Amino acid sequence: MDDRSKYLYVCDTLADMNDVDGFLGVITRSCLDEYVRDNDARTIPIVHSVGHVDHLVDDDIVAINSRSGMVRTLFRPQSNNNALFLTERCNNNCLMCSQPPRNDRDEEFLGMALRLVGMIPQDTANIAITGGEPTLLGNGLLDVISDCKTQLPNTNITILTNGRMFYYRSYVKRLSDIEHPHLMLAIPLYSDVPEQHNQIVRSEEAFQQSVLGIYNLGAHNQDIEVRIVLHALNFKRLPHLCEFIYRNLPFISHVAIMGMEVTGYARKNLGQLWIEPYDYSGQLVEGVEFLATRGMNVSIYNTPLCILPEPVWKYARQSISDWKTIYLEECSKCQVKDKCGGLFQTSGQKYSQHIHAVLS
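Residues numbered from 1 in each chain as written. Predicted model: local features only at pLDDT ≥ 70, side-chain atom pairs only at ≥ 80, totals over all residues. Heavy atoms only, no water.

**Some details on the overall build of the protein**
If you tally the helices and strands in the protein, you get 10 helices and 14 strands. The C-alpha atoms of the protein give 23 Å as radius of gyration, which agrees with the globular expectation for 360 residues (21 Å, within 12%). Taken over the C-alpha atoms alone, the protein extends approximately 70 × 55 × 35 Å along its principal axes. Nonlocal contacts in the protein, meaning residues at least 24 apart in sequence, comprise 65% of its contacts between residues at least 6 apart. Total accessible area computed for the protein in this model is approximately 18,200 Å², and 46% of it derives from carbon and sulfur atoms. (Helix = DSSP H or I, 4+ residues; strand = E, 2+ residues; numbered from the N terminus. Rg over C-alpha atoms; globule rule 2.2 N^0.38 Å. Contact = heavy atoms within 4.5 Å. Areas by Shrake-Rupley, 256 points an atom, 1.4 Å probe, with all protein chains shown as cover.)

**Some thoughts on the environment of Gly 132**
The topology assignment puts Gly 132 in the loop between β7 (126–130) and α3 (139–151). Under the relative-accessibility criterion, Gly 132 is labelled partly exposed at 21%. (Buried < 20%, exposed > 50% of the residue type's maximum accessible area, 1.4 Å probe, protein only.)

**Points about the pattern of salt bridges**
In total, this model carries nine salt bridges according to the counting rule given. Salt-bridge contacts for Arg 102 lead to Glu 88; the nearest nitrogen and oxygen are separated by 3.8 Å. Within this pair, whereas Arg 102 is found in the loop between β6 (83–85) and α2 (106–117), its partner Glu 88 is found in the loop between β6 and α2, the two being separated by 14 residues in sequence. Note that Arg 247 is salt-bridged to Glu 243, the shortest N-O span being 2.8 Å. Taken together, the residues span about one helical turn, with Arg 247 and Glu 243 both in helix α7 (residues 238–248) at a distance of four residues. The class for Glu 243 is partly exposed, based on a relative accessible area of 31%. (Salt bridge = Lys/Arg side-chain N within 4 Å of Asp/Glu carboxyl O.)

**Quick look at the packing of aromatic side chains**
Tallied over the entire structure, the rule returns seven aromatic pairs. Pairing Tyr 215 with Phe 251 gives two aromatic rings, centres 5.7 Å apart and planes at 45°, and the pair type is tilted. With Tyr 215 in helix α6 (residues 206–219) and Phe 251 in the loop between α7 and β11 (254–258), this pair connects stretches of sequence that are 36 residues apart. The ring of Phe 290 carries the charged tip of Arg 294 above its face, separated from the ring centre by 3.8 Å. (Phe/Tyr/Trp six-rings, centres within 6.5 Å; stacked < 30°, edge-to-face > 60°. Lys NZ or Arg CZ within 6 Å of the ring centre and 35° of its normal.)

**Here we look at the state of the cysteines**
Counted by the stated rule, this structure contains zero disulfides. The thiol sulfur of Cys 340 is not disulfide-bonded, and the nearest other cysteine sulfur, from Cys 306, lies at 6.1 Å. (Disulfide = S-S within 2.5 Å.)

**Focus on the side chain of Asp 60**
With respect to the element layout, Asp 60 can be found in the loop between β3 (46–47) and β4 (61–64). There is no salt bridge for the buried Asp 60, and the closest opposite charge comes from Arg 76, which lies 6.0 Å off by N-O distance. For Asp 60, the side chain forms a polar contact with the main-chain nitrogen of Val 57, separated by 3.1 Å. Residue contacts for Asp 60: discarding those within four places in its chain leaves His 55, Thr 73, Phe 75, Arg 76 and Pro 77. (Lys, Arg positive; Asp, Glu negative; His and termini not counted. Polar contact = N/O pair within 3.5 Å; in protein donor to acceptor, adjacent residues only side chain to side chain.)

**Topic: the environment of Tyr 315**
Its location among the elements puts Tyr 315 in the loop between β12 (298–301) and β13 (325–326). Residue classification places Tyr 315 among the buried residues on the basis of a relative accessible area of 15%. Taking the C-alpha atoms as reference points, Tyr 315 and Glu 195, separated by 120 residues in sequence, lie 29 Å from one another. Those residues within four positions of Tyr 315 in sequence are excluded, and the remaining contacts are Val 288, Ala 292, Val 298, Ser 299 and Ile 300.

**Quick notes on the pairing of strand β8 (residues 156–160)**
Because side chains alternate across β8, one face comprises the buried residues Ile 157 and Ile 159, and the other comprises Asn 156, Thr 158 and Leu 160, none of which is buried. Regarding topology, α3 serves as the crossover connection from β7 to the parallel β8, and that connection is right-handed. The pairing of β8 with strand β9 (residues 183–188) spans four bridges and is parallel. Within β9, the position partnered with Leu 160 by the bridge is Ala 186. (Right-handed = clockwise from strand over helix to strand, strands pointing away. Pairing = 2+ DSSP bridges.)

**Describing the sheet that holds β8**
Strand order across the open sheet formed by seven strands is β6-β7-β8-β9-β10-β11-β12, with parallel pairing between neighbours. Edge positions in the sheet fall to β6 and β12, since each of these pairs with one other strand and no more. Neighbouring strand axes in the sheet, compared pairwise and without regard to direction, differ in orientation by 25° on average. With respect to the sheet, α7 is in contact with β10 (223–229) and β11, its orientation differing from that of β10 by roughly 170°. (Axes fitted to C-alpha atoms, helices over the stretch in contact; angles between N-to-C directions.)

**Side note on the pairing of strand β5 (residues 71–75)**
Alignment of β4 against β5, held across four bridges, turns out to be antiparallel. Looking at the pairing, Ile 64 lines up with Val 71 of β5. Turn length for the β4-β5 hairpin, with the two strands adjacent in sequence and antiparallel, is six residues, and the turn residue Gly 69 shows positive phi of about 80°.

**Things to note about the nonpolar core**
Ranked by internal contacts, the top residues of the largest apolar core, which has 76 residues, are Leu 84, Ile 245 and Ile 257. With residues up to four places along the chain from it excluded, the contact list for Leu 84 reads Ala 113, Leu 116, Val 117, Ile 120, Ile 127, Ala 128, Ile 129, Thr 130, Val 144 and Cys 148. In this structure, Ile 200, Met 258, Met 260 and Leu 270 belong to the second largest nonpolar core, which totals 16 residues. (Core = buried A, V, L, I, M, F, W, Y, C linked by side-chain atoms within 4.5 Å.)

Take it as geometry only, folks, not as evidence of what the structure does.
If you want it as structure tokens, here you go:
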């Protein structure tokens, strides 16, 4: 290690203070009393009495709250699911939002993201930009994208956005002027019927603004992914939505049709949202095959193979973030487990009743 002053020393037991000389700080499971008893006059910052440190590995980038002692992992080099979190605000209020919006702390998140971009290794393959709704930061988001282009020139950037700010052509022009070569905008559409989409996101004008935003992005040759989360309110119209996308948005790069994560608002509104995923497999197959046979790039996210008809397995992706992915005990016997994306750990015990081991 060339320069200890850039790194934290992480240990279960802080036994010898000589070990930590020169480090930026210390994270340890040892309690403060031990530190006070054994410490000499050195003033190195120490986060002590943490529950566990096993999840921290070399070259992780972490943030430490000096008031609470909370340690938050911001970047893990061994993961392909790292993200820059920019805001907790959102101008939608989706019934199934996994992270309900809040109205504070933008400056803290933006400043942390801008600093983090300069610390991430340049060989990182993928980074997501997420919130909340990142476009609500206006120029702040554009600053992050511009920094990513400079600091991470070969990294694929996916922005998770509702797309409504791209209704404004001047904002799309400023985004396009950055000329990021590896930028994807991932925008949700939940129905081909404007009123139904607006009901799901609980915001008037949302459908019009998102669709016109997609058109404006397309006019500037930006890569666009349309995302569809399936639940009880919209699954019946999935084939119609796929036809709407094919006929009206043929220039988009990718369509992702995905299962619902049962947390946040989705758990709160489960009574009106839940449908057994196995029961919408007919509409899912029809929608996927409609798009695929017409040459559109389509994938299935967040859905285990055992509840999908085998003809559409080839469209299923391992899309759940690695730290959220679990497999049930039943899955240990499954012969296609290594190809299956698993389940959301965050969904608690709310899983399909049709989960089973595939044995042949």
